[in-house]
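One letter stands for each residue in the lines below.
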Amino acid sequence: MSDVRHVLVLPDRDAAEEAAEALGERFGIGEEPRLVRDALAGEDDAEDAQWLVLLRDAEARLDPAELDEFAGEWEGWREEP
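Residues numbered from 1 in each chain as written. Predicted model: local features only at pLDDT ≥ 70, side-chain atom pairs only at ≥ 80, totals over all residues. Heavy atoms only, no water.

## So, the nonpolar core
In step 1: L10, L23 and F70 are the most contacted members of the largest nonpolar core, which has 18 residues in total.
In step 2: Of all the secondary-structure elements, those providing two or more residues to this core are β1 (4-10), α1 (13-27), β3 (50-57) and α2 (64-72).
In step 3: A per-element tally of this core places α1 first, with seven residues.
In step 4: Those residues in contact with F70 that lie beyond four places of it in its chain are L8, A19, A22, L23, R26 and F27. (Core = buried A, V, L, I, M, F, W, Y, C linked by side-chain atoms within 4.5 Å. Buried < 20%, exposed > 50% of the residue type's maximum accessible area, 1.4 Å probe, protein only. Helix = DSSP H or I, 4+ residues; strand = E, 2+ residues; numbered from the N terminus. Contact = heavy atoms within 4.5 Å.)

Laid out in structure tokens, this is it:
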């Protein structure tokens, strides 16, 4: 079993929550993704923050290109490790 993790970067909390919910439906993942707010240093304004969806892929079965396309539906992307 590997410890593959994917990070989807999304523009706002709503997009991150919608994407996290849709991940289970689209890719059949069993574990709930984690949501993390990522603000630039010194930025307190929520509008300037990005949201990360952290997804564990222990069996390395998720295609990175498909995840990138999926994140693009919310104007986001998959971060390369």
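## Digging into the side chain of R78
In step 1: Mapping R78 onto the fold places it in strand β4 (residues 77-79).
In step 2: Residue classification places R78 among the buried positions, given a relative accessible area of 10%.
In step 3: A polar side-chain atom of R78 sits 3.3 Å from a polar atom in the side chain of H6.
In step 4: Residues contacting R78, with those up to four places away along its chain left out, are H6, V7, L8, P64, L67, D68 and A71. (Polar contact = N/O pair within 3.5 Å; in protein donor to acceptor, adjacent residues only side chain to side chain.)

## Things to note about the layout of surface pockets
In step 1: Estimates place the volume of the largest pocket at around 150 Å³.
In step 2: Residue lining of the largest pocket: twelve residues in total, with G30, R56, D57, A58 and R61 positioned closest to the centre.
In step 3: Residue composition of the lining of the largest pocket, by class: five nonpolar, two polar and five charged. (1 Å grid on protein atoms, 1.4 Å probe; cavity = no way out; pocket = protein on both sides within 12 Å on 5 of 7 lines; lining within 4 Å. Points joined across faces, edges and corners; volume = space filled by probe spheres on them. Nonpolar A, V, L, I, M, F, W, Y, C, P; charged D, E, K, R; others polar.)

By themselves, these figures tell us nothing about what the structure is for.
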